[in-house]
Amino acid sequence: MNLESHLRARREAGARLLVPYVTGGLGHDWTDVVRAVVDAGADAVEIGIPFSDPVMDGPTIQAASQRALDAGATPTSILADARTLDVGIPLAVMTYCNLVFHAGCVRFAEALRDAGIAGAILPDLPLGEIGEWADAADAADVETVMLAAPNTTDERLAAICARSRGFVYGVSLMGITGERASLADSATRIASRAKAATDLPVLLGVGISTPEQAAEASTVADGVVVGSALIARLLEGGGPAGAHELIASFRAALDASD
Amino acid sequence: MTDLNVPARGRPVVLGAPGPEPTVRGRFEDFGGQFVPETLIPALEELEREFRAAWASDEFRAEFADLLTSYAGRPTPITECHNLSERLGVRVILKREDLTHTGSHKINNVLGQALLTKRMGKQRVIAETGAGQHGVATATACALFGLDCTVFMGAVDVERQALNVWRMQLLGAEVVPVQSGSRTLKDAVNDALRDWVATVESTHYCIGSVVGPHPYPWIVREFQRVVGDEARAQCLAALGADPDVVVACVGGGSNAIGTFTGFVDGPARLIGVEAGGLGIESGRHGASVARGVPGILHGARSLFLQDEAGQILEAHSISAGLDYPGVGPEHAALAAIGRAEYVSATDDVALEGFRLLSVCEGIVPALEPAHAIGWLARAVGDEVPLGSTVLVTLSGRGDKDAAQVAEILRQRDA
Ligand SMILES: Cc1ncc(COP(=O)(O)O)c(C=O)c1O
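Note that this is a predicted model, so its numbers are computed, not measured.

Take a nonpolar patch on the surface next. Residue and element names in this part refer to chain B. A cluster of nonpolar residues, Trp166, Leu170 and Leu171, forms a patch on the protein surface that exposes about 330 Å² of accessible area. By the element assignment, Leu170 lies in helix H7 (residues 162-170). Here Leu170 falls in the exposed class, since its relative accessible area comes to 60%.

Here it is in structure tokens:
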């Protein structure tokens, strides 16, 4: 299933887009968590493939990654699990580029395709280094989502939007993942700049912690990615039911915001 | 800086001409690059721009050379080790980075980066540290220049390098114990990068070795090449020729690349000594060239210790400064083209080197260069032919390690 066409269709139907992030291999029931967030109204799901040294992640996702790794999660095991997910919406993986280059770009891209994964988000693979991966991903029909930061120049933003597939990931603040008390001022600014530069869906992520913040972000952006807030719930033992409840509350806030 | 500080000893430092830039996108052969979050790209571009301009400017180079002379105590001498030479059957010459202010080569790089920080108009500096030498050097330069300083240090290293923690605090730096991952140098770099992603507009990340994203491996090499450039001129004056063999320990690889750069276009064999830890076969070591595979960590493609899936493994070394599961990209390139050789010395061999240099020459080395000394002592007659002339970079002095080594030796003797 194509990430971009699905998200465009949802946007055209008037929806604010909601993409929860779930760490692959976090708990034996992590695929049930994915099913739960889909049931609660997700438009796509981001599946984290944990890496030992996640420099874009704060303590919450670091802890989840470590827990999954300690339980034996590998890219292979997570993709094997993901393959069993038939959830009717597109899935994307979020991981760090060492795991991709270690496997080999072509092998990794083909493994994603074979597992039914539509997209890939690699936060440490900027535009200047994208070539080898982008060729492999394009050939395997894997959509590479590019990130744009608050301090990205206009010139780079245009290039990022042109190279991005699926959607454009606007990093809402200067910083790493983790919950924040309020939506950063930089969030709506980068969203509106990205919206002006592309017709692709633009989602804001990093630090979107509450349904209220999600609704506020979506006044400009087409939607949000919700990571640490969900992972914190899972680390507390919330399980699929807790995930469902939390994501349903985000869905309700987004649906009410028009 | 100030004309009152006329150097009391030695001649002023004369910097060599700038070395070659890495090729497109910061590559040394296939290694290097800029694998970082988008947020850091503008800062790396600014840093590259500023460094290129600074390094081409006579004024900047004069200011740097003056600091190296009047503040850091350069040039450092070379010392011929008569007793050790007699004992080993090779002519051993040390490049004495242990005699610099703060006691290791780290000060060279830090003074250069502090000047760059000023030039970029930033007020806050962050750094990672393993042994604490780079942290101390950074805290020192920040005190000198009136910059705010935060040093990330693995919680394990905070324990084993207590003296340096205290020195950093005395110098006004904040020391943040890092609790993530293996709680050593690799994790300190991770947390420094995480801080930088949030503070990049006002903060300079002063990386301590020839690692990290482009332009760091290039900048740090250029600031450290004074070690090798001086040593080569000194060897030429003393020996009339290059030494046969040039040896340096390799953590991230800054003292080694600084040394090698001075000799790379000559005939000398270049040998980097990595941490062999409990033995290469034990799997608990820091020998990233010997046992690492190509990968991407801390912003660069280089050689890293990894498992089959590509997760980075913990390194192990008796010395906090070599306890890193990777190596700078230029070393990976020198190994790939066969211009430098990489060997390893175990914890025990390093302790032998530590004792040997102390007893023979009255020079207590840091545990990091003790790996180079210990390796050499065992390699003579084998990898290093009898009668060779060998230059070893003594990258730092052993005061910081005295308590740790005393404790280890006490336990062994008990
Ligand atoms: C004295 C000394 N030598 C060597 C090193 C290793 O660093 P590098 O390989 O960058 O020279 C350190 C690092 O802390 C050190 O303190």
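Ring pairs (aromatic) are described by centroid distance and by the angle formed between their planes. Residue and element names in this part refer to chain B. Applying the stated criterion across every chain, the model contains 15 aromatic pairs over all chains. Among the aromatic residues, ring-to-ring pairing joins Phe51, Trp55, Phe60, Phe64, Trp218 and Phe223 into one connected group. Here Arg61 stacks its cationic end above the ring of Trp55, 4.5 Å away from the centre of that ring.

With that settled, the discussion passes to the interface of chain B and chain A. By a frequent convention, interface size equals the accessible area lost on bringing the separate parts together. Contact residues are listed per partner, giving 33 residues for chain B and 32 residues for chain A. Both sides together, the interface formed by chain B and chain A hides about 2700 Å², and carbon and sulfur atoms give 54% of it. Our count for the contact surface shared by chain B and chain A stands at five salt bridges. Glu45(B) serves as the salt-bridge partner of Arg156(A), at 3.9 Å between the closest nitrogen and oxygen. If you list the elements that add at least two residues to the side of chain B that touches chain A, you get helix H1 (41-55), helix H8 (185-199) and strand E11 (293-297) of chain B. Residue contributions to the side of chain B that touches chain A peak at seven residues, all from H8(B). Classifying every residue of the side of chain B that touches chain A by side-chain character gives 14 nonpolar, nine polar and 10 charged.

Looking now at the confidence of the model for chain B. Residues and elements named next belong to chain B. Looking at chain B as a whole, the pLDDT averages 95, with 98% of positions reaching at least 70. This stretch, residues 1-8, has a pLDDT under 50; its non-local contacts, to residues over four places away or in other chains, come to five contacts. Quick note on the complex model: pTM equals 0.97, ipTM equals 0.97.

Scoring rules and cut-offs
- Residues numbered from 1 in each chain as written.
- Chains lettered and ligands numbered in written order.
- Predicted model: local features only at pLDDT ≥ 70, side-chain atom pairs only at ≥ 80, totals over all residues.
- Heavy atoms only, no water.
- Patch = residues over 30% accessible without salt bridge, like charges linked within 9 Å, V, L, I, M, F, W, Y side chains within 5 Å.
- Areas by Shrake-Rupley, 256 points an atom, 1.4 Å probe, with all protein chains shown as cover.
- Salt bridge = Lys/Arg side-chain N within 4 Å of Asp/Glu carboxyl O.
- Helix = DSSP H or I, 4+ residues; strand = E, 2+ residues; numbered from the N terminus.
- Buried < 20%, exposed > 50% of the residue type's maximum accessible area, 1.4 Å probe, protein only.
- Phe/Tyr/Trp six-rings, centres within 6.5 Å; stacked < 30°, edge-to-face > 60°.
- Lys NZ or Arg CZ within 6 Å of the ring centre and 35° of its normal.
- Contact = heavy atoms within 4.5 Å.
- Buried area = accessible area lost by both parts, 1.4 Å probe.
- Nonpolar A, V, L, I, M, F, W, Y, C, P; charged D, E, K, R; others polar.
- pLDDT = per-residue confidence, 0-100.

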